[in-house]
Amino acid sequence: MIRINCMSRTTLKAAVLVSAFLLMVVVSGFGQQQINLTAAPTTTTLPDGTTVPMWGYSCGGVVSGSTATCAALNPASTNTTPATWSPVVITVPVGQVLTINLTNALSFTPTGATTANTSPHQS
């Protein structure tokens, strides 16, 4: 019969807890998901036919190795020229961490002006 003294049990418990924590950190590192979004000026058409300038998010390029997805809620919005605004739907696998890479492309030309105003901190 093998007996484990009190000090050895405490050390064993600590080793098991540290090992479980490190395993969880490593697994969560593999599960990080990324998507690209762009904030940009766009337009939307109201039911009476009026076109209204606005801004919104659009999905960017797919991030290699990520299984998170981004798509326009209204797929027909991307088939117009220029593309019109639609809310985006982001899908992330359960239990995964999501990183959003946001590109700021906001700029507007005020009525009567010829030079566009860009938003602060544009990247």
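Heads up: the structure comes first, above all this text.
Got a minute to help me understand the state of the cysteines in this structure?
Working definition of a disulfide: a covalent bond connecting the sulfur atoms of two cysteines. Inspection of the entire model under this criterion finds one disulfide. Paired by a disulfide, Cys59 and Cys70 hold their sulfur atoms 2.0 Å apart. Residues Cys59 and Cys70 share a disulfide whose torsion about the S-S bond is about -75 degrees; that sign makes it left-handed. One end of the pair, Cys59, is in strand β2 (residues 51-59); the other, Cys70, is in strand β3 (residues 69-72), and 11 residues separate them in sequence. What makes Cys70 partly exposed here is its relative accessible area of 23%.

So what exactly am I meant to see when it comes to the packing of aromatic side chains here?
Aromatic ring pairs are reported here in terms of the distance separating the ring centres and the angle at which the planes meet. The tally for this structure, following the rule as stated, stands at one aromatic pair. Taking 5.4 Å as the distance between ring centres and 85 degrees as the angle between the ring planes, the aromatic pair formed by Trp55 and Tyr57 counts as edge-to-face. A relative accessible area of 43% places Trp55 in the partly exposed class. Look at Tyr57 and you get partly exposed, because its relative accessible area is 38%.

Please explain the sheet that holds β2 as it appears in this structure.
Hydrogen bonds between backbone atoms are what pair the strands of a sheet, whose relative direction is either parallel or antiparallel. Across the sheet, which stays open at both edges, the three strands sit in the order β2-β1-β5 with mixed pairing between neighbours. Because the sheet does not close on itself, it has two edges, and the strands there are β2 and β5 (98-104). With strand direction ignored, the average angle separating the axes of adjacent strands in the sheet is 25 degrees. Pairing geometry for strand β1 (residues 33-45) and β2, over nine bridges, is antiparallel. If you follow Thr38 over to β2, its bridge partner there is Ser58.

Rules and cut-offs
- Residues numbered from 1 in each chain as written.
- Predicted model: local features only at pLDDT ≥ 70, side-chain atom pairs only at ≥ 80, totals over all residues.
- Heavy atoms only, no water.
- Disulfide = S-S within 2.5 Å.
- Helix = DSSP H or I, 4+ residues; strand = E, 2+ residues; numbered from the N terminus.
- Buried < 20%, exposed > 50% of the residue type's maximum accessible area, 1.4 Å probe, protein only.
- Phe/Tyr/Trp six-rings, centres within 6.5 Å; stacked < 30°, edge-to-face > 60°.
- Pairing = 2+ DSSP bridges.
- Axes fitted to C-alpha atoms, helices over the stretch in contact; angles between N-to-C directions.

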